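Next come the chains, spelled out residue by residue.
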Amino acid sequence: MSDRPYVLLSCAMSLDGYIDDASDTLLVLSNDEDWERVDAVRASCDAILVGANTIRRDNPRLLVRSAALRADRVARGLPENPVKVTVTSSGGLSPSANFFALGSGLKLVYTPPALVPSVSDDLGACATVVGAADLPAVLADLSSRGVRRLMVEGGTTMHTQLLTLGLVDELHLVVAPMFVGDSKAPRFVTDGPNATLKLVEVRQLGEVVLLRYQAART
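The shown structure was predicted, so the numbers you read here are calculated from the model rather than taken from an experiment.

Trainee: What's the story with the packing of aromatic side chains in this structure? I'm lost.
Mentor: Aromatic rings in a pair are described by how distant their centres are and how their planes are angled relative to each other. Counted according to the given criterion, the structure contains one aromatic pair. Against the face of Trp35 rests Arg65, its NZ or CZ located 4.6 Å from the ring centre. The side chain of Arg187 reaches across the aromatic face of Tyr18, ending 4.5 Å from its centre.

Trainee: I tried to follow the pattern of salt bridges on my own but got confused; where do I start?
Mentor: It is possible for side chains bearing opposite charge to pair when their charged atoms get close. A full pass over the atoms with the stated rule returns 10 salt bridges. Glu153 is the partner of Arg42 in a salt bridge, and the nearest nitrogen-oxygen pair spans 2.8 Å. Of this pair, Arg42 sits in helix H1 (residues 32-43) while Glu153 sits in the loop between strand S6 (149-152) and helix H7 (156-164), and the two are 111 residues apart along the sequence. Grouping residues by exposure puts Arg42 and Glu153 together as buried.

Trainee: Any chance you could explain the nonpolar core here in plain terms?
Mentor: Soluble globular proteins tend to pack their nonpolar side chains together in the buried interior. Leu9, Val85, Tyr110, Leu142, Leu150, Val152 and Phe188 are the most contacted members of the largest nonpolar core, which has 31 residues in total. Those residues in contact with Leu9 that sit more than four places away from it in its chain are Val152, His159, Leu163, Val168, Glu170, Leu171, His172 and Phe188. Counting residues in hydrophobic clusters, the runner-up holds 20 residues, among them Cys45, Val50, Phe99 and Val129.

Rules behind the numbers
Residues numbered from 1 in each chain as written. Predicted model: local features only at pLDDT ≥ 70, side-chain atom pairs only at ≥ 80, totals over all residues. Heavy atoms only, no water. Phe/Tyr/Trp six-rings, centres within 6.5 Å; stacked < 30°, edge-to-face > 60°. Lys NZ or Arg CZ within 6 Å of the ring centre and 35° of its normal. Salt bridge = Lys/Arg side-chain N within 4 Å of Asp/Glu carboxyl O. Helix = DSSP H or I, 4+ residues; strand = E, 2+ residues; numbered from the N terminus. Buried < 20%, exposed > 50% of the residue type's maximum accessible area, 1.4 Å probe, protein only. Core = buried A, V, L, I, M, F, W, Y, C linked by side-chain atoms within 4.5 Å. Contact = heavy atoms within 4.5 Å.

Given below as structure tokens:
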């Protein structure tokens, strides 16, 4: 893995495999105990990646919530929050989104080389736009920037591509005790080649369950 970071994919889903419903209101699939766990995982990483559709749909902040965890990062010579990373094949991102507007750390936007000028014009000084042809190129560039541990927090397309390309080293999958039952809602993954992981931990966190997997490498 010298040419790419360690990739940790983190996701919460319903019992029937959905990560949200089809409404305009974000469906809560986690709880306070799990959010504390996720916060600690964020604080342990060099960068956090989400797809552009996740920024548009969920407007995530992607910041470490705990003041103590932020202080610990600073004491270790790190910025308060991990680098924020997104990937877009079409542009159309707003600089007013929380991803760009909140937090003083570095924000990286990867896009096909031909789109770099237009995406740079849209975002201005709020992000660094980098041309990359595919996800392996994105990971290689992150590695060159010193990112050794990358957390991925969505969405469906990003999950599917990373898993089917064999680029996920660890998966944290939280299962909530509910059914969404709406085929128009986004799922954890869509169609793609088979991917095999090894279950290494099962942990109950209140009413949700954490399933932790590692890559099943031969």
